[in-house]
Amino acid sequence: MAKSYIEELGAWVKQREPVKPRQESATVAFLAVKENVVEALAAGYALTTIWEHMHESGLIKSGYETFRKHVRRYIQSPSPEAKATRNAVSPNTVKSPHKTADATSKEMPQAARMSAAESDILKGFRFSPVPNKEELF
């Protein structure tokens with residue numbers, strides 16, 4: 001019995017698909033040497049030097065840009081706990097008088113004061129097909 005075209009096409013696609021390394025393998029390899037990278041950075045070595053040594057010794061197979069991305073993600077970025085602590089508002093926090101709603105225009109800096117025209121611009125743009133001759137000159 002002859003194969004259907006779909007079966008032939010499926011077999012052909014499977015045959016010609018190149019074997020791609022999984023992206024996760026670069027992450028796993030980096031996480032395996034993460035502590036070594038942290039120690040080397042703390043010792044003052046440049047990131048390029050660390051990558052070159054690890055790449056030549058076979059510890060890391062990924063490219064330099066991928067290595068940098070992993071350093072940024074897993075070493076230099078703060079942990080979720082640190083982010084939560086940084087974003088938390090203390091109950092003892094005192095608001096600045098410039099940010100209060102009852103501040104008068106005299107207390108506001110000159111740059112913060114707006115004219116009526118500037119205020120209208122912030123509200124939105126309104127197109128009029130008829131030109132206003134006073135605004136043109």
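Keep in mind the model is a prediction, meaning the values are calculated, not measured.

Enquirer: I'm lost on a nonpolar patch on the surface in this one. Help?
Expert: A contiguous nonpolar surface patch, about 520 Å² in accessible area, is contributed by Y5, I6, L9, W12 and V13. Tracing the backbone shows L9 in helix α1 (residues 5-16). On the basis of relative accessible area, L9 is assigned to the partly exposed category, the value being 33%.

Enquirer: Would you take a moment to explain the packing of helix α3 (residues 47-56) against helix α4 (residues 64-76) for this structure?
Expert: When two helices pack together, their arrangement is given by the angle between the helix axes and the distance between those axes. Where α3 meets α4, the axes come as close as 11 Å, and the angle between the chain directions of the two elements is 120°. Classified by the angle between their axes, α3 and α4 sit oblique to one another. Viewed along their axes, α3 and α4 form a crossing whose handedness is right-handed. Residue-level contacts link L47, T48, I50, W51 and M54 of α3 to Y64, F67, R68 and V71 of α4.

Enquirer: Just to check I follow, could you spell out the pattern of salt bridges for this structure?
Expert: When their charged atoms lie close together, side chains carrying opposite charge are able to pair. By the definition in use, this model includes one salt bridge. In this structure, R68 engages E65 in a salt bridge whose closest nitrogen and oxygen atoms are separated by 3.1 Å. Highlighted residues: R68 and E65, both in helix α4, separated by three residues, approximately one helical turn.

Enquirer: Looking at this structure, I do not really get the nonpolar core. What am I missing?
Expert: Here is a general trend for soluble globular proteins: nonpolar side chains tend to be buried in one another's company. Of all hydrophobic cores here, the largest spans 11 residues; its members are F30, V33, V37, A40, L47, I50, W51, M54, I60, F67 and V71. Elements that contribute at least two residues to this core include exactly α2 (23-42), α3 and α4. Ignoring sequence-local partners within four residues, the contact set of I50 consists of V37, A40, L41, Y45 and F67.

Enquirer: Please clarify how α4 should be interpreted in this entry.
Expert: The α-helix advances 3.6 residues per turn, and as a result positions three or four apart in sequence lie on the same side. Within the span of α4, buried status applies to F67, H70 and V71. Angularly, the buried residues of α4 cover 105° about the axis, an arc narrow enough to put them on a single face. Of the exposed residues in α4, the ones pointing more than 90 degrees away from its buried face are E65 and Q76.

Enquirer: Got a minute to help me understand the packing of aromatic side chains in this structure?
Expert: In this description, a pair of aromatic rings is defined by centroid distance and the angle of the planes. Taken as a whole and judged by the stated rule, the model has three aromatic pairs. Pairing F30 with F67 gives two aromatic rings, centres 5.7 Å apart and planes at 75°, and the pair type is edge-to-face. Here F30, found in helix α2, pairs with F67, found in helix α4; they are 37 residues apart in sequence, far enough to count as distant. Residue class for F67 comes out buried when judged on its relative accessible area of 1%. Their ring planes at 70° and their centres at 5.7 Å tell us that W51 and Y64 sit as a pair that is edge-to-face. Of this pair, W51 sits in helix α3 while Y64 sits in helix α4; the two residues are 13 residues apart in sequence, bridging distant segments of the chain.

Conventions used here
- Residues numbered from 1 in each chain as written.
- Predicted model: local features only at pLDDT ≥ 70, side-chain atom pairs only at ≥ 80, totals over all residues.
- Heavy atoms only, no water.
- Patch = residues over 30% accessible without salt bridge, like charges linked within 9 Å, V, L, I, M, F, W, Y side chains within 5 Å.
- Areas by Shrake-Rupley, 256 points an atom, 1.4 Å probe, with all protein chains shown as cover.
- Salt bridge = Lys/Arg side-chain N within 4 Å of Asp/Glu carboxyl O.
- Helix = DSSP H or I, 4+ residues; strand = E, 2+ residues; numbered from the N terminus.
- Buried < 20%, exposed > 50% of the residue type's maximum accessible area, 1.4 Å probe, protein only.
- Axes fitted to C-alpha atoms, helices over the stretch in contact; angles between N-to-C directions.
- Parallel < 35°, antiparallel > 145°, perpendicular 65-115°, else oblique.
- Left-handed = near helix turned anticlockwise from the far one by under 90°.
- Contact = heavy atoms within 4.5 Å.
- Core = buried A, V, L, I, M, F, W, Y, C linked by side-chain atoms within 4.5 Å.
- Arc of directions from axis to C-beta.
- Phe/Tyr/Trp six-rings, centres within 6.5 Å; stacked < 30°, edge-to-face > 60°.

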